[in-house]
Amino acid sequence: MENTKKELTLERTFDAPRDLVFKAWTDPKLVAHWWGPQGFTAPICEVDATVGGKINIVMEDSAGLIAKGSKYPMIGEFKEIDTPGKIVFRSEAIMNDKPILENLVTVTFDEVNGKTKMIVHIVVTKATPEAEMPLQGMEMGWNQQLDKLGEFLIEGLGARD
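Conventions adopted
- Residues numbered from 1 in each chain as written.
- Predicted model: local features only at pLDDT ≥ 70, side-chain atom pairs only at ≥ 80, totals over all residues.
- Heavy atoms only, no water.
- Phe/Tyr/Trp six-rings, centres within 6.5 Å; stacked < 30°, edge-to-face > 60°.
- Helix = DSSP H or I, 4+ residues; strand = E, 2+ residues; numbered from the N terminus.
- Buried < 20%, exposed > 50% of the residue type's maximum accessible area, 1.4 Å probe, protein only.
- Axes fitted to C-alpha atoms, helices over the stretch in contact; angles between N-to-C directions.
- Parallel < 35°, antiparallel > 145°, perpendicular 65-115°, else oblique.
- Left-handed = near helix turned anticlockwise from the far one by under 90°.
- Contact = heavy atoms within 4.5 Å.
- Nonpolar A, V, L, I, M, F, W, Y, C, P; charged D, E, K, R; others polar.
- Polar contact = N/O pair within 3.5 Å; in protein donor to acceptor, adjacent residues only side chain to side chain.
- Expected span 1.5 Å × (residues − 1).
- Salt bridge = Lys/Arg side-chain N within 4 Å of Asp/Glu carboxyl O.

Draft legend 1. Broad picture of the packing of aromatic side chains. For the coordinates displayed, the defined rule picks out 7 aromatic pairs. Look at Phe-22 and Phe-109: their rings are 5.4 Å apart centre to centre, the planes differ by 70°, and that puts the pair in the edge-to-face class. Pair noted here: Phe-22 is in helix H1 (residues 18–26) and Phe-109 is in strand E7 (residues 98–112), with a separation of 87 residues, a long-range link. No difference in accessibility class separates Phe-22 from Phe-109, as the two residues are buried. Here the aromatic rings of Trp-25 and Trp-35 are separated by 6.0 Å at their centres, their planes lie at 90°, and the arrangement is edge-to-face. Of this pair, Trp-25 sits in helix H1 while Trp-35 is found in the loop between helix H2 (28–34) and strand E3 (40–47), placing the two residues 10 residues apart along the sequence. Summarising the burial analysis for this pair, Trp-25 and Trp-35 share the class buried. Here the aromatic cluster, defined as three or more aromatic residues joined through ring pairs, consists of Trp-25, Trp-34, Trp-35 and Trp-142.

Draft legend 2. Examining the packing of H1 against helix H4 (residues 138–154) more closely. Put simply, H1 and H4 touch, their axes get as near as 11 Å, and they point 125° apart. As summarised for this structure, H1 and H4 are arranged oblique, according to the angle between their axes. Judged by the sense of rotation from one axis to the other, the crossing of H1 with H4 is right-handed. Here H1 contributes Val-21, Ala-24 and Trp-25 to the contact with H4, which in turn contributes Trp-142, Leu-146, Leu-149 and Leu-153. Residue composition of the contact of H1 with H4, grouped by class: 7 nonpolar, no polar and no charged.

Draft legend 3. Highlighting the side chain of Arg-90. Within the element layout of this structure, Arg-90 appears in strand E6 (residues 86–95). At 3.2 Å, the side chain of Arg-90 forms a polar contact with the side chain of Glu-92. If near-sequence neighbours (up to four positions away) are discounted, Arg-90 is found in contact with Ile-55, Ile-75, Gly-76, Glu-77, Lys-79, Glu-102, Asn-103 and Leu-104.

Draft legend 4. Layout of H4. A rise of 1.5 Å per residue sets the reference length of H4, with its 17 residues, at 24 Å; its end C-alpha atoms lie 24 Å apart and thus fit the reference within 8%. Taken residue by residue, H4 has Met-138, Gly-141, Trp-142, Gln-145, Leu-146, Lys-148, Leu-149, Gly-150, Phe-152 and Leu-153 as its buried positions.

Draft legend 5. Geometry of unusual backbone geometry. Each neighbour pair has its own omega, and for Thr-83 with Pro-84 the value is -10°, a cis peptide bond. The topology assignment puts Pro-84 in the loop between strand E5 (71–82) and E6. Despite not being glycine, Asn-96 has its phi angle at roughly 55°, a positive value. A relative accessible area of 67% means that Asn-96 is categorised as exposed.

Draft legend 6. View of the pattern of salt bridges. Inspection of every chain in the model, using the stated rule, returns 8 salt bridges. The residue Lys-117 makes a salt bridge to Glu-11 at a minimum N-O spacing of 4.0 Å. With Lys-117 in strand E8 (residues 115–127) and Glu-11 in strand E2 (residues 7–14), this residue pair connects regions lying 106 residues apart in the sequence. Of the residues examined, Lys-117 reaches a relative accessible area of 29% and is grouped as partly exposed. According to the relative accessible area criterion, Glu-11 is partly exposed, its value standing at 47%. A cluster of three or more residues bridged by salt bridges with shared partners is formed by Lys-54, Glu-77, Lys-79, Arg-90 and Glu-92.

Below you can see the structure in the form of structure tokens.
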């Protein structure tokens, strides 16, 4: 994989307590509700939110945006967990059983007047030529994914345990 320098920083403020927004990122049952861009689901969502803990998420194109039923696996590992203030993880997008894109993702959670300000910083650390399309759609995909998180929080994450 070639080294690359693409970076993306996204910010959202949610009308939800910080511990709940943090939990939405660390509880696999909750992550499965919002992970992936619009039209995608996460039928496989394994998240062990401990330092060194593994991530195994498979997104599925449920709406036929690219090819209905197509699956897009991602694996990774948590590098830092500072409950409820920060998460750092490495992730790899997999295509044909090979990593095509590697990211380092840092998510910070700050409580501001009862709301949560969340900043997501993604650094692409490696990419293969096969990662060209995912890289082109990275900003849109992450924005849609975070929009889904916001919708999930509005729907009553606090009531789900």
